[in-house]
Amino acid sequence: MNLNALFEMLSQARQRCGHTDYVVIGSLSILGLEEHFDIPDDMTLSNDVDCYTRDDPDRIFDLIGALGENSPHHLASGFYLDGVRPTLPSLPQGWQARLIRVERDGLRAWFLDPVDAALSKYARGEPRDRRWIRAGLRDGVISMPLLKSRLSSVDFFDDEEAKRARELIEEDTSWLQHP
């Protein structure tokens, strides 16, 4: 998946719903930095674009039939739109102000900052999320000191999620010291 393919899909979304601003969260939020450096391959393996329409988040769900999983778009391109709500991920305070804006042909995509995305991935703790995080840490895309500085402001779903995230961050701190 790359930025060109993402904007092609967002163009189709605009044709169907009229919205021009989309917020991309999850693994493919890293595409917001594609124009600035080579993104590690392990950070672009996802085939689902977790996003919502910025001005009317629930409107994204109207697009699932045409652009979602098993849609004609998915079958033709290999990737699909996965509609989400802005409240889905556990994110640190101020994440909206750190969104990375990329504009093309009147479309604006707003991408999570990689550190904010990593914190939401630590909250989930799935193996694919860990692979994404470690690729970012290894290649300097994600800063462990910055990640730790934002950790205390994350709005976790519950105490168990917060505990898991902290434990995984400590594991990766150790991994960074002894890869």
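Being a predicted model, the structure only gives us computed values, none of them experimental. Counting starts from 1 at the beginning of each chain's written sequence and moves along it residue by residue. Residues qualify for local features only when their pLDDT is at least 70, as the model is predicted, and side-chain atom pairs are given and counted only at 80 or more; totals for whole chains, interfaces and linings, by contrast, use all residues. To get the side-chain values, all heavy atoms of the structure are used, and hydrogens and water are removed first.

**Observations regarding unusual backbone geometry**
Phase 1 of the analysis: In this structure, asparagine 70 takes a positive phi of about 65° despite not being glycine.
Phase 2 of the analysis: With respect to the helices and strands, the residue asparagine 70 is situated in the loop between helix H2 (64–67) and helix H3 (72–77).
Phase 3 of the analysis: Phi is positive for aspartate 105, which is not a glycine, with a value near 50°. Strands are runs of DSSP state E lasting at least two residues, helices are runs of H or I lasting at least four, and both sets are numbered from the N terminus onward.

**Focus on the pattern of salt bridges**
Phase 1 of the analysis: A pair is scored as a salt bridge if a Lys or Arg side-chain nitrogen falls within 4 Å of a carboxyl oxygen belonging to Asp or Glu. Across all of its chains, the model carries 19 salt bridges by this definition.
Phase 2 of the analysis: Between aspartate 116 and arginine 98 there is a salt bridge, and its shortest N-O distance comes to 3.0 Å. Placement of the pair is aspartate 116 in helix H4 (residues 114–124) and arginine 98 in the loop between strand S3 (80–83) and strand S4 (100–104), with a sequence separation of 18 residues.
Phase 3 of the analysis: For each residue, the accessible area found with a 1.4 Å probe, counting protein chains only, is set against the maximum for its type, and the residue is called buried under 20%, exposed over 50%, and partly exposed in between. Using a relative accessible area of 0% as the deciding quantity, one classes aspartate 116 as buried.
Phase 4 of the analysis: Across the salt bridge formed by glutamate 103 and arginine 108, the nearest N and O atoms sit 3.5 Å from each other.
Phase 5 of the analysis: Given a relative accessible area of 41%, glutamate 103 falls into the partly exposed group.

**Here's the deal with the nonpolar core**
Phase 1 of the analysis: Definition of nonpolar core: a set of buried residues of the types Ala, Val, Leu, Ile, Met, Phe, Trp, Tyr and Cys, connected through side-chain atoms within 4.5 Å. With 58 residues, the main nonpolar core has Leu6, Phe111, Tyr122 and Leu147 as its most contacted residues.
Phase 2 of the analysis: Take this core: its biggest share by element is eight residues, from helix H1 (residues 3–17).
Phase 3 of the analysis: Setting aside residues up to four positions removed in sequence, leucine 147 forms contacts with Val115, Ala118, Leu119, Tyr122, Ile142 and Ile169. The contact rule is simple, with two residues in contact once any of their heavy atoms fall within 4.5 Å.

**What about helix H5 (residues 127–138)?**
Phase 1 of the analysis: Any helix carries an expected span of 1.5 Å times its number of residues minus one. For H5, which comprises twelve residues, the first-to-last C-alpha distance of 16 Å matches the rise-based estimate of 16 Å (1.5 Å per residue) to within 8%.
Phase 2 of the analysis: Among all positions of H5, only Asp129, Arg130, Trp132, Ile133, Ala135, Gly136 and Leu137 are buried.
Phase 3 of the analysis: For H5, the secondary structure elements touched by its buried residues are H4, helix H6 (144–151) and helix H7 (159–177).
Phase 4 of the analysis: Among the residues trailing H5, glycine 140 stands out with phi positive, at a value near 80°.

**Focus on the side chain of histidine 19**
Phase 1 of the analysis: With respect to the helices and strands, histidine 19 occurs in the loop between H1 and strand S1 (21–25).
Phase 2 of the analysis: Judged by relative accessible area, which is 15%, histidine 19 ranks as buried.
Phase 3 of the analysis: If sequence neighbours within four positions are ignored, histidine 19 has contacts with Arg14, Thr53, Asp55, Asp56, Arg59 and Leu107.

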